[in-house]
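Observations on the model geometry
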Amino acid sequence: MASDIEMIAEAVLPSSGFPVDPDLLPVEPAYKNVLRARMSVVWLVLWAAGAVADQAMLQETAAAGLPTFVIPALAAVAILTAPERIYRRLLYKLTDRLLQVVRGWLFHVDTVVPLVRVQHIDVTRGPLEKAFGLATLVVHTAGTHNSIVMLPGLAPQRAAEIRDIIREHVRTDFA
Amino acid sequence: MSEPTLREDTAVGPPEHLHPFFLLTGLGGSLRGVAGGYVAIGYLAVSGRWGTAFFGMLALIAFMTIGVFLYWRRFEFRVGANEIRIDSGILNRTHRSIPFDRIQDVDITQGPLARVLGLARVKFETGASAGQEEGVLQAIRLERAEQLRTLVRARRTHAVSLEPNAETVEPPPVYEMTFPRLLLAGTFNFSLAIFAGLFGLASSPLGEAMGFDPFSRTFWVSILSVSGPARELVMAHRFATAAAGLALLILLGVVTGIIRTALTDFGFRLDRTGVGLRRRRGLFTRTDVTLPVSRAQAAVIATGPVMDRLRWREFRVQSLAKDESSKGSHVLAPLARDAEVDRIVGELGWQPLPSRIAWTRVSLEFVIVLAIALAPLILVAIGNLVFNPLFGGPFLAVLLGALGLRWLAWRRTGYSLDGDRILVRTGWWRRRITILPARKIQSVDLRENFITRAFGIAWLQFGVAGGGMTGHSIPAIPSGEARKLRDLLLDMGA
């Protein structure tokens with residue numbers, strides 16, 4: 001397991017120059033499938049819209065047929081490459097004090113939430129996540145900016161486990 | 001008396017209704033709320049169906065009168081030993097119970113009509129998510145409102161006595177705005193909003209229909225052609241006219257600013273009360289808000305280049321409760337000297353700002369990153385400068401101006417750890433010093449993107465309860481330093 005994480009850590013941020021925390025955990029690999037399914041739906045809608053626009057407006061122009069064929073090609077590239085990368089770069093860490101969620105490369109965001117600041121916790125499961133046996137942990141803080149921190153791609157048992165750990169720390173002390 | 005609450009309990013107290021005058025004030029409110037109805041009636045009237053329009057109008061008014069009456073009839077509240085119950089709703093009944101423990105404070109607002117009638121709108125501040133009307137009594141007698149507030153305060157502080165504080169002589173205020181200062185604050189509030197409004201009108205369909213378009217030359221020519229002497233005057237003294245126009249513009253801006261400030265800040269007064277700071281202000285709509293001290297999440301000392309030169313500051317506090325204005329933070333002093341700001345900071349139970357603050361400046365990449373982001377646009381502007389200088393020139397000037405402002409802002413941007421809090425100074429035009437106690441930080445984001453990563457810098461963004469959506473951030477600090485600072489602040493807050 002350890003070597004697995006190291007490998008991921010190395011793959012994640014090779015050029016960034018900052019030390020990668022070896023305690024950061026990846027989410028379930030099945031999350032890639034959720035992303036693929038989700039992206040497929042989005043691209044399908046785009047393709048349909050493109051095809052309609054193609055038929056309706058571009059038939060007389062030089063660009064005729066372009067959207068109908070280019071969009072699926074772009075979709076294939078995106079669906080084959082992006083989920084893998086998003087997955088690799090989504091990491092989290094739970095200590096006895098903090099929850100840390102690290103995500104993205106192009107726009108990299110590294111969020112830390114002290115457990116005592118958590119207001120309430122949801123575990124949500126959409127239809128796609130249910131199909132792939134996953135759950136999303138949603139942590140609400142009192143903050144207005146970034147008051148909802150989401151950690152997708154967890155196994156339901158793991159999400160419930162994290163929820164229970166956080167619940168023990170919740171205490172509202174701002175009033 | 002229409003129906004009992006969920007459980008018949010002597011502890012919940014006798015039912016009370018809103019004041020009958022609510023039928024008047026409430027109707028005004030709901031008349032304002034149905035813009036769509038007026039549009040429909042207006043359409044009917046314009047299209048010549050006067051009869052239908054008339055009946056539509058009657059129906060609308062009747063409908064709303066009945067609605068307000070039913071709301072009033074079906075709305076009752078009870079003040080119990082430990083909670084306030086509000087039963088409301090015409091078809092869908094809501095039985096809400098708000099425990100005193102949860103009520104942070106009671107806000108009292110009086111609109112102009114309510115002031116004449118001696119009524120007040122009471123809002124129980126519970127710290128629920130902003131925008132939700134959790135516990136509002138639209139119109140009750142002012143004395144009853146003050147009684148409720150005293151009651152809630154007494155319950156919160158676990159004091160026994162409920163004696164109203166009216167008899168006791170009010171101690172001198174923490175901060176007060178005199179009339180000259182109100183005028184000065186208005187001047188700083190210099191606003192050309194009125195022109196924005198006129199231009200907005202011009203670009204709207206209504207303005208077009210009225211032939212009102214101050215952007216078009218013909219608009220002015222036609223105005224001038226109507227009055228011959230005016231035209232001759234304008235043509236004869238072009239320069240003087242321009243100067244006079246400019247002066248008029250400035251005068252209007254100042255007057256607008258003063259009026260806007262006077263409306264909200266007239267009679268501004270900040271007092272220390274048991275649990276917090278009580279603020280009263282307003283010319284027509286008088287508001288009376290108490291900010292419990294322990295709820296203050298962060299404070300901002302704001303100023304501008306001119307205000308700063310004259311050593312004036314505005315002091316705002318970000319709290320869980322939302323202020324009546326859309327700003328989200330509570331203005332505790334619209335225009336104050338450093339000593340007054342220190343006094344209010346002291347009343348919040350916070351350390352005053354050190355007299356010399358050792359700011360850690362952020363990296364110059366703060367400017368460079370913006371330059372890189374704007375580079376494509378700058379290239380476009382330069383390209384246009386050659387072929388279309390009339391467009392390219394101003395465009396380039398705006399872009400370079402933005403960069404210049406960023407550079408000026410960079411010279412002032414910095415942060416400083418001050419005991420158990422962090423101070424952040426930002427901006428050149430909008431100068432801000434943010435005081436953020438470490439224990440009020442709800443979450444920390446460290447943001448990088450593909451440009452900033454190349455320079456090894458990151459943005460730190462703090463989630464703080466209440467206030468605006470943007471949160472507080474420190475821009476452009478070296479990644480390693482940002483990580484260290486984050487860990488330090490989270491350790492302090494724990």
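Residues numbered from 1 in each chain as written. Chains lettered and ligands numbered in written order. Predicted model: local features only at pLDDT ≥ 70, side-chain atom pairs only at ≥ 80, totals over all residues.

1. Describing the overall build of chain A
- Looking only at helices and strands, chain A has 5 helices and 7 strands in total.
- For chain A, the α and β elements follow one another from N to C terminus as α-β-α-α-β-β-β-β-α-β-β-α.
- Going through the 175 residues of chain A one by one, you find that 25% of them count as buried.
- Contacts in chain A between residues far apart in sequence, at least 24 positions, make up 55% of those at least 6 positions apart. (Helix = DSSP H or I, 4+ residues; strand = E, 2+ residues; numbered from the N terminus. Buried ≥ 20, exposed ≤ 12 C-beta atoms within 10 Å, placed from the backbone. Contact = placed C-beta atoms within 7 Å.)

2. Digging into the overall build of chain B
- What chain B contains, in helices and strands, is 17 helices and 21 strands.
- In chain B, buried positions account for 29% of the 494 residues.

3. Digging into the confidence of the model for chain A
- The pLDDT averaged across chain A works out to 82; a share of 83% of its residues lies at or above 70.
- Contacts for the low-pLDDT stretch residues 1-19 of chain A, under 50 throughout, to residues beyond four places or in other chains number 18 contacts. (pLDDT = per-residue confidence, 0-100.)

4. Overview of the nonpolar core
Residue and element names in this part refer to chain B.
- Membership of the largest hydrophobic core comes to 81 residues, with the highest contact counts inside it found for Ala299, Phe315, Leu332, Ala333, Leu436, Leu460 and Ile477.
- A per-element tally of this core places strand E20 (residues 457-464) first, with 6 residues.
- Dropping the residues within four chain positions of it, Phe315 is found in contact with Ala299, Ile301, Leu332, Ala333, Ala336, Val341 and Ile344.
- Core analysis: the next-biggest nonpolar cluster, separate from the first, contains 20 residues, Phe75, Val122, Ala139 and Ile140 among them. (Core = buried A, V, L, I, M, F, W, Y, C linked by C-beta atoms within 7 Å.)

5. Remarks on helix H11 (residues 238-265) of chain B
All names here are of chain B.
- Along its 28 residues, H11 runs 40 Å from first to last C-alpha, staying within 8% of the 40 Å computed at 1.5 Å per residue.
- For H11, every residue scored as buried is listed here: Gly257, Ile258, Thr261 and Asp265.
- Turning to H11, the residues buried within the fold contact helix H6 (179-188), strand E10 (276-281) and strand E14 (329-336).
- Within two residues after H11, Gly267 carries a phi angle of roughly 65°, on the positive side. (Expected span 1.5 Å × (residues − 1).)

6. Brief notes about the domain arrangement of chain B
All names here are of chain B.
- Annotation of chain B at the domain level lists domain 1 (188-264), domain 2 (267-347) and domain 3 (360-493).
- The interface is formed by 4 residues belonging to domain 1 together with 6 residues belonging to domain 2.
- Of the residues that constitute the side of domain 1 that touches domain 2, the class distribution is 3 nonpolar, 1 polar and no charged. (Domains from an automatic or database assignment. Nonpolar A, V, L, I, M, F, W, Y, C, P; charged D, E, K, R; others polar.)

7. Some words on unusual backbone geometry
Residue and element names in this part refer to chain B.
- Of note, the phi angle at Arg311 is positive, near 65°, even though the residue is not glycine.
- Along the chain, Arg311 falls in the loop between helix H12 (305-309) and strand E13 (313-319).
- Here Arg311 falls in the exposed class, since 10 other C-beta atoms lie within 10 Å of it.
- Look at Ala476: it is not a glycine, yet its phi comes out positive at around 45°.
- Relative to the helices and strands, Ala476 is located in strand E21 (residues 472-478).

8. Examining the UniProt feature "transmembrane region" (unreviewed entry) in chain B
Residues and elements named next belong to chain B.
- Cross-referencing UniProt, the feature "transmembrane region" (unreviewed entry) maps to residues 21-46, 52-72, 182-202, 239-263, 366-385 and 391-409 in the present numbering.
- The span residues 366-385 carries 100% helix and 0% strand; its end-to-end C-alpha distance comes to 27 Å.
- For residues 391-409, the end-to-end C-alpha separation is 27 Å, with 100% helix and 0% strand making up the annotated structure. (UniProt positions renumbered as here; feature names shortened; annotations may be inferred.)

9. Digging into the domain arrangement of chain A
Residue and element names in this part refer to chain A.
- According to the domain assignment, chain A contains domain 1 (2-8 + 21-27 + 91-169) and domain 2 (31-86).
- With 7 residues of domain 1 in contact, the opposing surface of domain 2 contributes 5 residues.
- Only helix H4 (127-131) and strand E7 (148-154) provide two or more residues apiece to the side of domain 1 that touches domain 2.
- Considering only residue class, the side of domain 1 that touches domain 2 consists of 5 nonpolar, 1 polar and 1 charged.

10. Focus on the sheet that holds strand E5 (residues 118-124) of chain A
Residues and elements named next belong to chain A.
- With respect to topology, 3 strands assemble into an open sheet ordered E5-E6-E7, the strand pairing being antiparallel. In this open sheet, the two strands that pair with only one neighbour each are E5 and E7. In this sheet, neighbouring strand axes are inclined to one another by 15° on average, regardless of whether the strands run parallel or antiparallel.
- Two strands pair when backbone bridges link them, and strand E6 (residues 135-141) and E7 are joined in this way by 5 bridges, in the antiparallel orientation. Counted as the bridge partner of Leu137 is Leu151 from E7.
- Packed onto the sheet, helix H5 (residues 156-169) meets E5, E6 and E7 and runs at close to 165° relative to E5. (Pairing = 2+ DSSP bridges. Axes fitted to C-alpha atoms, helices over the stretch in contact; angles between N-to-C directions.)

11. Some thoughts on the environment of B:Met177
All names here are of chain B.
- With respect to the helices and strands, the residue Met177 is situated in the loop between strand E8 (175-176) and H6.
- A tally of 22 C-beta atoms within 10 Å means that Met177 is categorised as buried.
- Separated by 92 residues in sequence, Met177 and Arg269 place their C-alpha atoms 6.5 Å apart.
- When neighbours within four sequence positions are excluded, Met177 is seen to be in contact with Leu182, Asp265, Phe268 and Pro334.

12. Considering the pairing of E6(A)
Residue and element names in this part refer to chain A.
- For E6, the tally of buried residues reaches 5 of 7 residues, placing the bulk of the element in the interior.
- Note that E5 and E6 share 6 bridges and pair antiparallel. Within E6, the position partnered with Thr124 by the bridge is Thr136.

13. Here we look at the packing of helix H2 (residues 31-58) of chain A against helix H3 (residues 66-88) of chain A
Residues and elements named next belong to chain A.
- Packing of H2 against H3 brings their axes to within 9 Å, and their N-to-C directions diverge by 165°. Classified by the angle their axes make, H2 and H3 are roughly antiparallel. Crossing hand, H2 versus H3: right-handed. (Parallel < 35°, antiparallel > 145°, perpendicular 65-115°, else oblique. Left-handed = near helix turned anticlockwise from the far one by under 90°.)

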